[in-house]
Amino acid sequence: MVVDLALPAERYLAWYRGHAGRVLMYSRDGRRVSLPAHHLRPFLTHEGVYGSFVMRFTGDGKLISLQRMV
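To keep things clear, this report deals only with the structure shown in the data block. Owing to the predicted nature of the structure, the values given are computational and were not obtained by experimental measurement.

### Details of the environment of H39
Next, step 1: Looking at the secondary structure, you find H39 in the loop between β3 (32–36) and β4 (48–57).
Next, step 2: Between the C-alpha atom of H39 and that of S65, which follows or precedes it by 26 residues, the distance is 9.4 Å.
Next, step 3: Leave out the neighbours within four places in its chain, and H39 touches L63 and L66.

What follows is the structure, given as structure tokens:
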């Protein structure tokens with residue numbers, strides 16, 4: 001599954017402040033994905049989290065991997 005993400009740092013800070021635990025996004029094919037915010041932490045910069053990501057899941061919907069596309 002591929003998602004394009006544009007998450008400004010101010011929005012991501014809601015997770016640090018305890019106001020949000022998950023990030024809701026939509027895949028390129030229209031599926032809705034709710035991901036625990038901590039999975040995006042490796043991709044966080046001072047600007048936020050931006051880019052296209054490939055997500056892989058198990059058959060029961062657990063995240064296996066999250067990788068930024070090059």
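### Focus on the side chain of S52
Next, step 1: Among the secondary structure elements, S52 is positioned in strand β4.
Next, step 2: One polar contact links S52 to D4, side chain to side chain, over a distance of 2.5 Å.

### Some words on the pattern of salt bridges
Next, step 1: Following the criterion strictly, the structure yields two salt bridges and no others.
Next, step 2: Across the pair D4 and R28 runs a salt bridge whose closest N-O atoms are separated by 2.8 Å. Remark: R28 occurs in the loop between β2 (22–26) and β3 and D4 occurs in strand β1 (residues 2–8); sequence separation between them is 24 residues.
Next, step 3: A relative accessible area of 42% places D4 in the partly exposed class.
Next, step 4: Judged by relative accessible area, R28 falls into the exposed class, the value being 53%.
Next, step 5: With its nearest N and O atoms 2.9 Å apart, the salt bridge here joins D29 to R31.

### Topic: the environment of S27
Next, step 1: Within the secondary structure, S27 is located in the loop between β2 and β3.
Next, step 2: S27 gets classed as buried once you look at its relative accessible area, which sits at 7%.
Next, step 3: Considering only alpha carbons, one finds S27 and E47, 20 residues apart in sequence, at a separation of 22 Å.
Next, step 4: If near-sequence neighbours (up to four positions away) are discounted, S27 is found in contact with M1, V2 and V3.
Next, step 5: Polar side-chain contacts of S27 include one of 2.2 Å to the side chain of D29.

Reading guide: rules and limits
Residues numbered from 1 in each chain as written. Predicted model: local features only at pLDDT ≥ 70, side-chain atom pairs only at ≥ 80, totals over all residues. Heavy atoms only, no water. Helix = DSSP H or I, 4+ residues; strand = E, 2+ residues; numbered from the N terminus. Contact = heavy atoms within 4.5 Å. Polar contact = N/O pair within 3.5 Å; in protein donor to acceptor, adjacent residues only side chain to side chain. Salt bridge = Lys/Arg side-chain N within 4 Å of Asp/Glu carboxyl O. Buried < 20%, exposed > 50% of the residue type's maximum accessible area, 1.4 Å probe, protein only.

Purely geometric numbers; function is a separate question.
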